[in-house]
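Topology and contacts: notes
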Amino acid sequence: MNRFIASASIILTAFAFCLLAACSNPASDGISTPAPTWELLPTRTPAPTEAPPAAAADLSAPLFSLSLSEFIERFNACYRRDHGLALLRPADEWVELTPQNGLRLFRFQSDPSLSADPAILIWSVGGDAPMERLCLDFSDHGYTNENRIFYEKLCRCAFLCAGFDRETAGTLFDTLFSLANNETYAGGDYDAPPIRTLCHNGEIGLYPWYSGGVVHIDMIPVDEALLDSLVESGTELLSLKAEEGEVLPSARP
């Protein structure tokens with residue numbers, strides 16, 4: 001009898017243990033227990049930012065007081081503001097050509113592998129010396145409208161670098177490009193280009209010429225003595241009225 005009671009007690013104890021275990025493990029009834037949820041803390045998302053505006057070019061120094069590297073910096077600031085990129089490569093990546101008239105000559109082309117690509121040429125005593133002449137070239141060889149538009153961008157940006165306003169820069173390009181394509185402006189070479197017409201503001205002069213299927217627009221520093229000398233040699237002078245973007249015949253005799 002005592003043995004039966006002991007056995008029953010063991011069975012009841014085991015049954016109670018199993019029942020307790022089943023109650024403490026809801027998964028035993030076939031229903032999955034959801035994973036615990038945690039409080040989601042707000043993440044720190046940065047506020048959207050706009051690209052910084054392109055820095056305005058410093059035009060306080062006269063164009064022809066700049067070295068090649070300084071001109072590149074000014075040109076790129078102007079070009080980036082209008083077109084979103086810095087176009088000119090560093091000075092040590094420009095091609096140096098045969099010196100002319102005692103000056104070193106540097107040339108930039110966006111794609112040097114294309115001979116017809118518009119070019120910028122700069123003359124100076126040396127890389128750190130002030131520029132003495134700047135020429136913008138456009139080749140008619142393999143003419144494309146895309147190249148002509150790119151050439152206009154180069155010219156307008158160079159004119160802005162010289163301190164001309166946008167309206168005057170546009171007028172200058174239209175006037176000089178049209179004259180350069182006139183057959184009366186053909187002839188000459190880089191050593192001694194003809195100056196048949198000079199647009200000027202008393203400090204900077206611009207003149208067109210054409211040779212070997214290439215349109216050239218030159219920029220040079222001018223003063224009263226040079227203007228007088230050009231008049232004596234038969235050059236037509238056109239004064240720039242910058243505030244109205246007009247090119248007018250010079251009042252000089």
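All right, on to the environment of glutamine 109 then. With respect to the helices and strands, the residue glutamine 109 is situated in strand E2 (residues 103–109). Put simply, glutamine 109 and alanine 119 are 10 residues apart on the chain and 4.8 Å apart in space, counted from C-alpha to C-alpha. Once you skip the residues sitting within four places of it in the chain, glutamine 109 turns out to touch Arg89, Leu114, Ser115, Asp117, Pro118 and Ala119. Within the local environment of glutamine 109, its side chain forms a polar contact with the backbone oxygen of aspartate 117, the two atoms lying 2.9 Å apart.

This brings us to the pairing of strand E7 (residues 214–221). Of all 8 residues that make up E7, 7 are buried, and the element is covered over most of its length. In this sheet, E7 lies alongside strand E4 (residues 131–139) in antiparallel orientation, the contact comprising 6 bridges. Bridged to leucine 136 within E7 is isoleucine 217. In this sheet, E7 lies alongside strand E6 (residues 204–211) in antiparallel orientation, the contact comprising 8 bridges. From the neighbouring strand, glycine 205 faces E7, where its bridge partner is isoleucine 220.

Along the chain, aspartate 218 turns up in strand E7. For aspartate 218, a relative accessible area of 0% corresponds to the buried category. Polar contacts involving the side chain of aspartate 218 include one to the side chain of tryptophan 209, which spans 2.7 Å. Dropping the residues within four chain positions of it, aspartate 218 is found in contact with Arg133, Leu134, Cys135, Gly205, Leu206, Tyr207 and Trp209.

Think of an α-helix as 3.6 residues a turn; residues three or four steps apart then line up on the same face. Counted at 1.5 Å a residue, the expected span for helix H3 (residues 145–161) with its 17 residues is 24 Å, and the 24 Å between its end C-alpha atoms agrees. With 12 of 17 residues buried, H3 is to be regarded as a mostly interior element. Considered for burial, the residues of H3 that qualify are Asn147, Arg148, Phe150, Tyr151, Glu152, Leu154, Cys155, Cys157, Ala158, Phe159, Leu160 and Cys161. The inward-facing, buried residues of H3 contact helix H2 (68–83), strand E3 (119–124), E4, helix H4 (166–180), E6 and E7.

The rules we used
Residues numbered from 1 in each chain as written. Predicted model: local features only at pLDDT ≥ 70, side-chain atom pairs only at ≥ 80, totals over all residues. Heavy atoms only, no water. Helix = DSSP H or I, 4+ residues; strand = E, 2+ residues; numbered from the N terminus. Contact = heavy atoms within 4.5 Å. Polar contact = N/O pair within 3.5 Å; in protein donor to acceptor, adjacent residues only side chain to side chain. Buried < 20%, exposed > 50% of the residue type's maximum accessible area, 1.4 Å probe, protein only. Pairing = 2+ DSSP bridges. Expected span 1.5 Å × (residues − 1).

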